[in-house]
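# Observations on the model geometry
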Amino acid sequence: MTTYESIKVKPMTPTIGAVITGIDLTQPLSNQQVEELHTAFAEHLVIFFRDQKVDHESHKRFGRYFGDLYFHSASTGIPDHPEIIRLHADGNSDHVAGDMWHSDLSCDPNPPLGSVLYLHTLPPLGGDTLFASMYAAYDALSDSMKAYVESLAATHDANPIYAYKGENRRYNVSIHPLVKTHPVTKKKLLYFNEQYVSKINGVPERESNAIFRFLSDHCADAMFHTRFTWEPHSIAFWDNRCAQHYAIWDYYPHERSGFRVTIANNLHTA
Ligand code: SIN
């Protein structure tokens, strides 16, 4: 168990998720706090904060402690802050972002390191987000299945996801191996998510469909998960390289609203 001096870290499960306290994200952080947050992030995959009334500048400053900010390849940022996207749902919404297991923008050639989601408005009940450890999902496979999926790659296609926008454009499509090694922890992980993956490459269609169904079912195992119940001014910061998430839309017609900063995968320090 790691000892922390400048922050408090309370794990939520043995596998994934920790709540961080004793820190104020509206203010610049000390080097020790940043270093310990990097450690907690690597250890717990998704870290949560409560009562952090961040404005756009402090939200972006927090993101920059972990890498360069990333411009969303499919959604436009808010005025004056193109690196920040707004997430909003209410009684007029006919869809919400991320209500299916996914890893953000796995359609991109170098998908983002992570995302920092700040929500200021929550429904009276519901609107939780589920997170799953893809280390745990990989570790739970048999040795034969590990070897099999390790030999394969998958196509991640954003076009079906963003078709609802009705924009006359093509979104990103990329091919990634089904098993990756995390650049910081050096642990192997299953790089699969049912929202972006459109097919498993290099195998007949029926086999691709069968592997897809197997991996979807496998990743849905509650043993790999944690669940976060939001409050106004909570923040979730997830490692998009080794965790996937699912935003539950069970609160219609109520409002759930906030902002997300996405971080590029270009700094590999622990
Ligand atoms: C997302 O960024 O995928 C949405 C997560 C959420 O709304 O909880």
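See the structure above.
So, a few notes on the structure that sits alongside this text. In this text the structure is predicted, and so the values were computed from the model without any measurement.

Of regular secondary structure, the protein possesses 6 helices and 15 strands. What you see for the protein is a C-alpha radius of gyration of 18 Å, in line with the 18 Å of a compact globule of 270 residues. Across its three principal axes, the protein shows a C-alpha extent of roughly 55 × 45 × 35 Å. Here the protein holds 270 residues, and the buried ones make up 53% of them. Put simply, 81% of the contacts in the protein that link residues at least 6 apart link residues at least 24 apart.

Attention shifts here to the sheet that holds strand β1 (residues 8-11). The mixed open sheet is built from 7 strands, whose spatial order is β1-β2-β3-β13-β5-β15-β4. The outermost strands of the open sheet, each flanked by one partner alone, are β1 and β4 (84-89). Adjacent strand axes in the sheet meet at a mean angle of 25°, parallel and antiparallel pairs treated alike. Judged from the 2 bridges that link them, strand β2 (residues 18-21) and strand β3 (residues 46-49) form a sheet pairing that is parallel. The residue bridging Ala18 from the neighbouring strand is Ile47, located in β3. Against the sheet, helix α1 (residues 31-44) contacts β1, β2, β3 and β13 (234-239), and its axis sits at roughly 125° relative to β3. The strands touched by helix α2 (residues 56-64) are β3, β4, β5 (114-121), β13 and β15 (256-263); relative to β15, the strand with the most contacts, the crossing angle is about 40°.

Right, let's talk about empty space enclosed by the protein for a bit. Under the counting rule described, the total for this entry stands at 2 cavities of 30 Å³ or more. Approximately 40 Å³ is the volume found for the second largest cavity.

Let's shift gears to unusual backbone geometry. Here the residue pair Tyr252 and Pro253 is connected by a cis peptide bond, since its omega of 10° sits within 30 degrees of zero. Checked against the element boundaries, Pro253 lands in the loop between β14 (243-247) and β15. Even without glycine at this site, Asp51 takes up a positive phi of about 55°. On the basis of relative accessibility, which here comes to 62%, the residue Asp51 falls in the exposed class.

Turning our attention to the pairing of β2. Here β2 shows a buried face lined by Ala18 and Ile20 and an unburied face lined by Val19 and Thr21. Examined bridge by bridge, β1 and β2 share 4 bridges and lie antiparallel to one another. Each residue of the ladder has a partner; that of Pro11, found in β2, is Ala18. Linking β1 to β2, which pair antiparallel, is a turn of 6 residues; within it Gly17 sits at a positive phi near 100°.

How each quantity is defined
- Residues numbered from 1 in each chain as written.
- Predicted model: local features only at pLDDT ≥ 70, side-chain atom pairs only at ≥ 80, totals over all residues.
- Heavy atoms only, no water.
- Helix = DSSP H or I, 4+ residues; strand = E, 2+ residues; numbered from the N terminus.
- Rg over C-alpha atoms; globule rule 2.2 N^0.38 Å.
- Buried < 20%, exposed > 50% of the residue type's maximum accessible area, 1.4 Å probe, protein only.
- Contact = heavy atoms within 4.5 Å.
- Pairing = 2+ DSSP bridges.
- Axes fitted to C-alpha atoms, helices over the stretch in contact; angles between N-to-C directions.
- 1 Å grid on protein atoms, 1.4 Å probe; cavity = no way out; pocket = protein on both sides within 12 Å on 5 of 7 lines; lining within 4 Å.
- Points joined across faces, edges and corners; volume = space filled by probe spheres on them.

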